[in-house]
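Coordinates in review
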Amino acid sequence: MVRGAQKVYMYTELLGKLISNLWSLETVIRYFISIRLNEPIPDIYDIEIGDEVEDGHFTNFKSLEKLIEKYNSMCPHDFQKIDEQKFYI
């Protein structure tokens, strides 16, 4: 049985895993959209604070919900669409 501090640690660990997976999904969707629209994708390993990057789907402030909608609208027929209902928290 999980108690006290163990329970808090378990919830923290699971929340971290969820957030990491959502960030990974967002990054892959941004990359897919940018490639399909032939937009610039910055070298994320070579950017420093204060550097300017070109605007596009990889760098804008659209929410994951809006990105999923855009992905689904651009998704080729042989790709699986994302069920948007699974990402409403």
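Up top is the structure these notes are about.
The structure presented is a predicted model; accordingly, all values stated were derived computationally and were not measured.

The contact between helix 1 (residues 4–36) and helix 2 (residues 64–74) brings their axes to 10 Å, and the two run at 45°. With respect to their mutual orientation, helix 1 and helix 2 come out oblique. You can see that helix 1 and helix 2 cross each other, and the crossing is left-handed. Across the interface between the two elements, L22, E26, I29, R30, F32, I33 and R36 of helix 1 pack against L64, L67, I68, K70, Y71 and M74 of helix 2. In terms of residue class, the contact of helix 1 with helix 2 is built from nine nonpolar, no polar and four charged.

Our focus in this paragraph is the nonpolar core. Grouped together as the largest cluster of nonpolar side chains are 11 residues: L22, I29, F32, I33, L64, L67, I68, Y71, M74, C75 and I82. Put simply, the parts of the chain that give this core at least two residues each are helix 1 and helix 2. Considering each element in turn, this core owes the most residues, five residues, to helix 2. Non-local contacts of C75, meaning those with residues more than four positions away in its chain, are made with Q80 and K81.

The next point concerns the pattern of salt bridges. Following the criterion strictly, the structure yields three salt bridges and no others. Where E13 meets K17, a salt bridge forms, and the shortest distance between an N and an O atom there is 3.6 Å. With a gap of four residues between them, E13 and K17 both fall in helix 1, about one helical turn apart. Residue classification places E13 among the partly exposed positions, given a relative accessible area of 35%. You can call K17 partly exposed: its relative accessible area is 46%.

What counts and how
Residues numbered from 1 in each chain as written. Predicted model: local features only at pLDDT ≥ 70, side-chain atom pairs only at ≥ 80, totals over all residues. Heavy atoms only, no water. Axes fitted to C-alpha atoms, helices over the stretch in contact; angles between N-to-C directions. Helix = DSSP H or I, 4+ residues; strand = E, 2+ residues; numbered from the N terminus. Parallel < 35°, antiparallel > 145°, perpendicular 65-115°, else oblique. Left-handed = near helix turned anticlockwise from the far one by under 90°. Contact = heavy atoms within 4.5 Å. Nonpolar A, V, L, I, M, F, W, Y, C, P; charged D, E, K, R; others polar. Core = buried A, V, L, I, M, F, W, Y, C linked by side-chain atoms within 4.5 Å. Buried < 20%, exposed > 50% of the residue type's maximum accessible area, 1.4 Å probe, protein only. Salt bridge = Lys/Arg side-chain N within 4 Å of Asp/Glu carboxyl O.

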